[in-house]
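# Report on the structure
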Amino acid sequence: MPGLLRGVARTAVVAGTATAVSNRVSRRQAGRWAQQEPAAAEQSAPPPAAAPAAPDMESKIAQLKDLGQLKEQGVLTEEEFAAQKSRILAS
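Residues numbered from 1 in each chain as written. Predicted model: local features only at pLDDT ≥ 70, side-chain atom pairs only at ≥ 80, totals over all residues. Heavy atoms only, no water.

Let us look at the overall build of the chain. Scanning the chain for helices and strands turns up three helices and zero strands. Seen in sequence order, the chain has helices and strands lined up from the N terminus as α-α-α. Counting across all 91 residues of the chain, residues that qualify as buried make up 15%. As presented, the chain carries roughly 6,700 Å² of accessible surface, and 61% of it is formed by carbon and sulfur atoms. (Helix = DSSP H or I, 4+ residues; strand = E, 2+ residues; numbered from the N terminus. Buried < 20%, exposed > 50% of the residue type's maximum accessible area, 1.4 Å probe, protein only. Areas by Shrake-Rupley, 256 points an atom, 1.4 Å probe, with all protein chains shown as cover.)

Structure (structure tokens):
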């Protein structure tokens with residue numbers, strides 16, 4: 001039974017983290033698009049290619065911090081932590 005609870009708790013935390021990160025990225029993108037709409041009429045040049053990398057890196061850092069907290073709380077084992085960390089860094 002404790003193994004089942006750990007699995008359910010881990011799934012809930014990962015799903016909640018993914019939802020929070022997704023919502024944050026969506027809000028930031030909406031804000032950027034709102035700022036670019038008035039400037040789009042004046043400016044026809046595409047945005048720099050390096051700009052999208054920053055939010056992606058920020059979300060990875062946030063996910064890694066959350067994983068670290070889960071590991072410290074004992075929700076994740078060392079092996080689970082390493083697997084999730086490599087998955088995040090590979091994406």
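What follows picks up the thread again.
We now examine the side chain of Ser59. As for its position among the elements, Ser59 is in helix H2 (residues 53-73). For Ser59, a relative accessible area of 14% puts it in the buried group. At 2.8 Å, the side chain of Ser59 forms a polar contact with the backbone oxygen of Asp56. (Polar contact = N/O pair within 3.5 Å; in protein donor to acceptor, adjacent residues only side chain to side chain.)

Here the focus is the nonpolar core. Leu67, Leu70, Val75, Leu76, Phe81 and Ile88 form the largest nonpolar core, which has six residues in total. Of all the secondary structure elements, the ones that give two or more residues to this core are H2 and helix H3 (78-90). Residue contacts for Ile88: discarding those within four places in its chain leaves Lys60, Gln63, Leu64 and Leu67. (Core = buried A, V, L, I, M, F, W, Y, C linked by side-chain atoms within 4.5 Å. Contact = heavy atoms within 4.5 Å.)

Along its 13 residues, H3 runs 18 Å from first to last C-alpha, staying within 8% of the 18 Å computed at 1.5 Å per residue. Those residues of H3 not exposed but buried are Glu80, Phe81 and Ile88. Here the buried residues of H3 occupy an arc of 100° about the axis, which is enough to place them on one side. Across from the buried face of H3, at angles greater than 90 degrees, the exposed residues are Glu79, Leu89 and Ala90. (Expected span 1.5 Å × (residues − 1). Arc of directions from axis to C-beta.)

Here we take up the pattern of salt bridges. The final tally for this structure, using the stated rule, is three salt bridges. For Glu58, the salt bridge is made with Arg28, and the minimal N-O distance between the two is 2.3 Å. One end of the pair, Glu58, is in helix H2; the other, Arg28, is in helix H1 (residues 2-42), with 30 residues separating them in the sequence. Owing to a relative accessible area of 31%, Glu58 belongs among the partly exposed residues under this scheme. Across the pair Asp56 and Lys60 runs a salt bridge, and its minimum N-O distance is 3.9 Å. Taken together, the residues span about one helical turn, with Asp56 and Lys60 both in helix H2 at a distance of four residues. Note on Asp56: relative accessible area 40%, which makes it partly exposed. (Salt bridge = Lys/Arg side-chain N within 4 Å of Asp/Glu carboxyl O.)

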